[in-house]
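# Structural characterization, general
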Amino acid sequence: MTSEKTRTMIERTLYSPDHEAFRDSFRRFIDKEIAPFHADWEEQGYVDRAVWNKAGDNGFLCMSMPEAYGGSGADRLYSVIQMEELGRAGFSGIGYSLHNEIVAPYIERYGTEAQKAKFLPAMASGAMIGAIAMSEPAAGSDLQGIKTTALKQADGSYILNGSKTFITNGWHADMVIVVAKTNPAAGAKGTSLLLVERGMPGFSVGKRLKKMGMKAQDTSELFFDQVHVPAENLLGGDALENKGFICLMEQLPWERLQIAISAVAAAQAAIDWTVDYVKERKVFGQTVGSFQNTRFTLAELQTQVQIAAVFVDKCTELLLQDKLDTATASMAKYWCSDMQCKVMDECVQLFGGYGYMWEYPITRAYADARVQRIYGGTNEIMKEVITRAMGLGGK
Ligand SMILES: Cc1cc2nc3c(=O)[nH]c(=O)nc-3n(C[C@H](O)[C@H](O)[C@H](O)COP(=O)(O)OP(=O)(O)OC[C@H]3O[C@@H](n4cnc5c(N)ncnc54)[C@H](O)[C@@H]3O)c2cc1C
């Protein structure tokens, strides 16, 4: 977002010089360890495992986790910078943010001491990759309708049965937080989170799903067939049995804001690429950028990105103060991802036929953007959340 090409006009006040120095070093990491390989990773459908280990070696994983568990004890702005830089560069195959800022925080916030000691240092080093499995073939928006069960046995362990789909990092994952019903009769109040590890008998990873965009990101199906999950792998231990839904709800504001952050960064990058392109491309003896339609379109898009950026920075400030509520985060998620898709569409148009060619970053960015309105809770669900906060009820 603070690229030399950034055309937003309102100065950002969130970041210190240390944050900006970190941005530079993470950009260098992207240039060296991601950019040269990302197109090949798109072809193979997943990123090389080495890019996780290298991130761990460089201190780029689980930065906001405490030092005692292998993190850096950094504030979340460092993670925000990573999201912005990956969004700006368009390297959507990299699943760091889900690992660092969705999976690890569940363990840090709710895990027992033993769970933190076991999983967080391994996640910070890149030795272990994390995923979270909520969605099922027949339950996405309606999470209360999940069918996966984890039934308690006489020895306190659980037998897990069910399947999950669309799981980011699912193919690489060494540990998956699985949302399951531990008391199926009790609905949301019978839901728990289990830490399921690669190699547990009966746990298998299905095929990597072929997607419209985000082609280098390993999105997979997961299957659980009579998986024996020891009692110590219930997140938070006995105290959190059947309280998984509450944990999921508490984490929503940050998870949704992350989508908004990446949306703004990706949209700004698209505008920057397009401004460069229309200055060069000549049609009817003049540049595409000289047409009033082009200039007005880009002015409108830049205005929307600027407005979104200010709102998202304010939400980030609230998050850091622990004051970001779910409805406001839902506004950010829905509005920014809608805006991102509109920006991508208009920018592709200004590229003409080249905007439809995969080798052009704008084409990839267009394809990548579409899912932002779907995952993390669809934008329709965001509107439900917002209206509920307005006292309008609904489902
Ligand atoms: C690339 C990708 C990565 C993903 N990563 C993960 C992951 O890591 N972990 C995970 O658990 N899940 C993940 N998901 C799943 C994602 O969160 C779900 O796809 C999403 O929540 C929507 O659920 P669904 O696909 O079942 O759609 P459905 O719930 O079937 O929705 C279908 C349509 O109905 C609409 N709808 C539903 N309910 C309402 C309502 N009350 N009012 C109005 N409209 C409604 C929806 O908005 C949507 O338009 C991922 C998905 C994708 C595509």
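Presented here is a report on the structure given in the accompanying data block. (Residues numbered from 1 in each chain as written. Predicted model: local features only at pLDDT ≥ 70, side-chain atom pairs only at ≥ 80, totals over all residues. Heavy atoms only, no water.)

### Some details on a nonpolar patch on the surface
Together, Tyr354, Tyr356 and Met357 make up a nonpolar patch on the protein surface, roughly 360 Å² of accessible area in all. In this fold, Met357 is placed in the loop between α9 (326-351) and α10 (361-369). What makes Met357 partly exposed here is its relative accessible area of 38%. (Patch = residues over 30% accessible without salt bridge, like charges linked within 9 Å, V, L, I, M, F, W, Y side chains within 5 Å. Areas by Shrake-Rupley, 256 points an atom, 1.4 Å probe, with all protein chains shown as cover. Salt bridge = Lys/Arg side-chain N within 4 Å of Asp/Glu carboxyl O. Helix = DSSP H or I, 4+ residues; strand = E, 2+ residues; numbered from the N terminus. Buried < 20%, exposed > 50% of the residue type's maximum accessible area, 1.4 Å probe, protein only.)

### A short note on the pairing of strand β1 (residues 130-133)
Covered by surrounding structure in β1 are Gly130 and Ile132 together with Ala131 and Ala133, the residues of both alternating faces. With four bridges joining them, β1 and strand β4 (residues 175-181) adopt parallel strand pairing. Bridging across to β4, Gly130 finds its partner in Met175. (Pairing = 2+ DSSP bridges.)

### Observations regarding the side chain of Lys333
Looking at the secondary structure, you find Lys333 in helix α9. No salt bridge is formed by the buried Lys333; its nearest oppositely charged neighbour, Asp338, is found at 7.6 Å. If we ignore the near neighbours within four places in the chain, the residues touching Lys333 are Arg256, Ile259, Ala260, Gln372, Arg373, Ile374, Tyr375, Gly376, Gly377, Thr378, Asn379 and Met382. (Lys, Arg positive; Asp, Glu negative; His and termini not counted. Contact = heavy atoms within 4.5 Å.)

### Quick notes on the packing of helix α4 (residues 77-89) against helix α7 (residues 244-280)
α7 packs onto α4 with a crossing angle of 40° between their chain directions and a minimal axis gap of 7 Å. For the element pair α4 / α7, the angle class is oblique. Note that α4 runs across α7; the crossing there is right-handed. For the pair α4 and α7, contact is made by Val80, Met83, Glu84, Gly87 and Arg88 and by Trp254, Gln258, Ile261, Ser262, Ala265, Ala266, Ala269 and Trp273, respectively. Here the residues of the contact of α4 with α7 sort into eight nonpolar, three polar and two charged. (Axes fitted to C-alpha atoms, helices over the stretch in contact; angles between N-to-C directions. Parallel < 35°, antiparallel > 145°, perpendicular 65-115°, else oblique. Left-handed = near helix turned anticlockwise from the far one by under 90°. Nonpolar A, V, L, I, M, F, W, Y, C, P; charged D, E, K, R; others polar.)

### Focus on helix α6 (residues 113-125)
The end-to-end C-alpha distance of α6, which contains 13 residues, comes to 19 Å, matching closely the 18 Å that a straight helix rising 1.5 Å per residue would cover. Considered for burial, the residues of α6 that qualify are Gln115, Lys116, Phe119, Leu120, Ala122, Met123 and Ala124. For α6, the secondary structure elements touched by its buried residues are α3 (50-57), α5 (96-110), β1, β4 and β5 (191-197). Just downstream of α6, Gly126 is the residue with a positive phi angle, here 90°. (Expected span 1.5 Å × (residues − 1).)

### Here we look at the pairing of β5
With seven of seven residues buried, β5 lies mostly within the body of the structure. Neither face of β5 is exposed, since Thr191, Leu193, Leu195 and Glu197 on one face and Ser192, Leu194 and Val196 on the opposite face are all buried. With seven bridges joining them, β4 and β5 adopt antiparallel strand pairing. Residue pairing across strands places Ala180 opposite Ser192, the latter belonging to β5.

### Focus: the site of the ligand
Surveying the vicinity of the ligand reveals 17 residues, the closest of which are Ser135, Ser141, Phe166, Thr378 and Glu380. At a separation of 2.8 Å, a nitrogen atom of the ligand approaches a polar side-chain atom of Thr168. Glu380 is positioned with one of its side-chain polar atoms (N or O) 2.6 Å from an oxygen atom of the ligand. Listing elements by their share of the shell around the ligand, those giving two or more residues are β1, β3 (158-168) and α11 (379-389). Here the shell around the ligand takes three residues from β3, the largest share from any one element. Here the shell around the ligand is composed, by residue class, of nine nonpolar, six polar and two charged. If you count residues domain by domain, the shell around the ligand takes at least three from each of domain 2 (131-242) and domain 3 (246-389). (Near = heavy atom within 4 Å. Polar contact = N/O pair within 3.5 Å; in protein donor to acceptor, adjacent residues only side chain to side chain. Domains from an automatic or database assignment.)

### Focus on the nonpolar core
Soluble globular proteins tend to bury their nonpolar side chains together. Residues Ile34, Ile94, Tyr96, Leu257 and Val343 are the most contacted members of the largest nonpolar core, which totals 64 residues. Among the secondary structure elements, those contributing two or more residues to this core are α1 (17-34), α3, α4, α7, α8 (292-320), α9 and α10. In terms of residue count, the dominant contributor to this core is α7 (13 residues). Here this core spans two domains, and each of domain 1 (17-128) and domain 3 (246-389) adds at least three residues to it. When residues no more than four places from it in sequence are discounted, the contact partners of Leu257 are Val312, Cys315, Thr316, Leu319, Leu324 and Ala332. The next biggest cluster of nonpolar side chains, apart from the first, holds 31 residues, and it includes Phe119, Met123, Met128 and Leu240. (Core = buried A, V, L, I, M, F, W, Y, C linked by side-chain atoms within 4.5 Å.)

### Let's talk about the environment of Lys243
As for its position among the elements, Lys243 is in the loop between β7 (219-229) and α7. Overall, Lys243 belongs to the partly exposed group, its relative accessible area being 38%. Linking Lys243 and Ser192, residues 51 residues apart in sequence, is a C-alpha distance of 5.8 Å. A distance of 3.5 Å separates a polar side-chain atom of Lys243 from the backbone oxygen of Ala239.

### As for the pattern of salt bridges
What the rule picks out here adds up to 22 salt bridges. A salt bridge links Glu221 to Lys207, with the shortest nitrogen-to-oxygen separation between them at 3.7 Å. Pair noted here: Glu221 is in strand β7 and Lys207 is in strand β6 (residues 203-208), with a separation of 14 residues, a long-range link. Judged by its relative accessible area of 17%, Glu221 falls in the buried class.

All quantities given are derived from atomic positions and should not be read as evidence of function.
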